[in-house]
Structure formats: C-alpha cells, structure tokens
Amino acid sequence: MLVFSKITNILLMYVIVELFAMATNISQLQISLTIIKEAPLNKSILFFDIDGTILSEKTHVISEDTKEAIEAARKNGHLAFINTGRTLEELDHRILSLEFDGYVCGCGTYIMHNDQVLLNKLLTKECMESVLMDIKGCRLEACLEGITTVYFDSNSTNTRICELRESMKNRNINLGTFDDENIEFTKLTIWIQNDSDYKTFYQRQKDTFTFIDRGNQFFEIVPKGFSKATGIQFLLNYFDLSLADAYAFGDSTNDLPMLEYVTNSVAMGNSDPSLFSLVSFVTKDVEDNGIRHALEHYKLI
C-alpha cells in the first residue's frame, strides 16, 4: 500500500503540472523529478614557473598576496603545481614552505605529486661522462643539475659561476664538483665564454639534448623528449584532465613549451616581451599581484 501511495502522489504531481502549463499557456515547460545532488566543482590544474612568475627577481621573495591567491585556488578544489627548470635540489625553503600539490622539476624530467615520485628521468653514466668531457674540451662554464646535488667546476673563477655557487650555498643547496666520483645529474646549464667552442659542443650533444637559448650566451640543456609541456601532459593523463583544464603561468622563453601547449596560457607583465603575442592572457607584474589578477580573470578564485 505504501508503494502504491507514492506512485499515486507522483502521478498526481504530473497532472497538476500539466494543468498549470495549459492554464498559463506555457508551451515549453519541462519538469523532471530527480534526486538533487550538489554539483561538483570543475577541477583545473595550474602550473607555475618560479623565477619572475611567483618569485620576484627584484625582491627575491614570494609576496603574501601571491601565496594567498594560490592557496585560494587550491581551496576552490584546483590543483597547483610548480613547473620549473630547477631540479628538486634547487627548490629552497621559499618554495618548499608553500603548500603545492606537487612539482614538475628539471623541465619535465622529474615529477612528484604530494610525496610520491611519478617520473624520474636519469641520464646514463656514458651520457654524463660525454657531457663532462665535452664541457671541458670546449671550454664552457657549466652547472650540472641533479636531483640531490648541483655540481660546479671547482677551478672556475668566472664571476657569474662564483656568484651562482655562493647564492646556492647560502640557500643550503647541496653542492658538488665535476670531480665527484658518483656524480649524477639530469640536466645542465652552460655559459659561453670568449674562447668557448660552442659549435663543437652543440654538434656532439644535439642528438641527446634540447638546447634552450636563454639569451646572453646562456643555454639551458634538457634531455630530448622532455620539457615543461611534457610534464603537463603527463599529469593531465595521470589525473584524467583535458587541456582545457590546464593553466600555465610563466615569464621566460624557457616557459614557451608549456605556454604554447596549454589552452589557457598566462604571461606575467614583467615577461620577456616576445611572449606577449603567444599567450592567451597577459597579467600584471609579479610585484603587482599578477598571479591574483590572472586567477581572478579566469574565475579560479
């Protein structure tokens, strides 16, 4: 009897609706009896470069406004990842003290979600030996970037190298030298000097690495097939998200792979001007709360 009574009530509701529609001449009234559930929030995944994007290269700090804006996006259900050319060891307390969902490091060669390593691209011993030999033979200044250690030539007197090494030392980054017995790195950066033979180095390594020209005789060198874009692709597959769900924030030419890959690309106002025509949105400078401005623009916060 109870079931019969419920069915009768449902039929009665439909009759009332039809009578109401006829009486008020509503031709397209559509009513459905459904169980109302809370609509799930559309999850997006956000990828942030570090230097010049969330970290000011003028003040060398991440502003409280930027921290709060990223945290607000995470509270709205979105995923937030660092996507950087730095290796894991090069992420200092300024980055690690923030709550991100994970890190894409070394231009896509190392990916971590929470405390789980999802990808770790290692160079072979033969490859590393070849790089070291060619750096020395071609008289290049270099920084070899590993997951746990960053290596420099202990004999270098180059001002830029010495300043970089001292800066990393002050940030408690683990440093080694080219002569370390168990040297292990995943990518590198080089500086061309007046007497460097860059052409020979390039010819010998171009089949193994992608060369990113950062300007001023400075190159970032990454294993072929890996980039900030491949890191995004990996995580989109991992979380079963689409390109439309991805947002990338950057400021430099080494961010181009990810900025050109995603649908929603953001260049900081302080970016290399060559990026402006290649992105979907140009936000304010990092020092002018550019991250918040972009997140608000896309209604992520």
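Quick look at the structure, then. Small disclaimer: the values here were computed from a predicted structure and weren't measured. (Residues numbered from 1 in each chain as written. Predicted model: local features only at pLDDT ≥ 70, side-chain atom pairs only at ≥ 80, totals over all residues. Heavy atoms only, no water.)

**Digging into helix 4 (residues 125–137)**
Taking 1.5 Å per residue, 13 residues should reach 18 Å; helix 4 reaches 18 Å between its end C-alpha atoms and fits that length. Residues of helix 4 that are buried in the fold lie against strand 6 (141–145), strand 9 (187–191), helix 6 (198–205) and strand 10 (209–215). Following helix 4 by one or two positions, R139 adopts a phi angle in the positive range, close to 55°. (Helix = DSSP H or I, 4+ residues; strand = E, 2+ residues; numbered from the N terminus. Expected span 1.5 Å × (residues − 1). Contact = heavy atoms within 4.5 Å.)

**Overview of the environment of G231**
By the element assignment, G231 lies in helix 7 (residues 228–239). Accessibility expressed as a relative area gives 0% for G231, which makes it buried. The sequence separation of G231 and V104 amounts to 127 residues, and the corresponding C-alpha distance is 6.1 Å. Excluding residues within four positions of it along the chain, G231 makes contact with V104, G108 and I111. (Buried < 20%, exposed > 50% of the residue type's maximum accessible area, 1.4 Å probe, protein only.)

**Some thoughts on the side chain of N264**
The topology assignment puts N264 in strand 13 (residues 264–267). The exposure class of N264 is buried, given its relative accessible area of 12%. Here the side chain of N264 touches A246 through a polar contact of 3.1 Å, landing on its backbone oxygen. If we skip the residues at most four places from it in the chain, N264 touches L243, A244, A246, Y247, A248, S280 and Y298. (Polar contact = N/O pair within 3.5 Å; in protein donor to acceptor, adjacent residues only side chain to side chain.)

**Here's the deal with the pattern of salt bridges**
On inspection of all chains with the given rule, the structure shows 19 salt bridges. For D101, the salt bridge is made with R74, and the minimal N-O distance between the two is 3.1 Å. Highlighted residues: D101 in the loop between helix 3 (93–96) and strand 3 (102–105) and R74 in helix 2 (residues 64–75), separated in sequence by 27 residues. We note a salt bridge from K187 to E145, for which the minimum N-O separation is 2.9 Å. Here E145 lies in strand 6 and K187 lies in strand 9, a separation of 42 residues in the sequence. In terms of burial, K187 and E145 fall into one category: buried. A network of salt bridges, in which partner residues are shared, links D51, R86, D92, R94 and R171. (Salt bridge = Lys/Arg side-chain N within 4 Å of Asp/Glu carboxyl O.)

**A word on helix 7**
For helix 7, spanning 12 residues, the distance from its first C-alpha to its last is 17 Å, which sits close to the expected 16 Å at 1.5 Å a residue. Looking at helix 7, one finds that the buried residues are K228, A229, G231, I232, L235 and L236. The arc that holds the buried residues of helix 7, viewed along the axis, is 155°, so those residues lie on one side. Where helix 7 begins, one side-chain oxygen reaches toward the backbone nitrogen of A229, 3.1 Å away; that side chain belongs to S227. A positive backbone phi angle near 55° is found at D240, which sits one or two residues after helix 7. (Arc of directions from axis to C-beta.)

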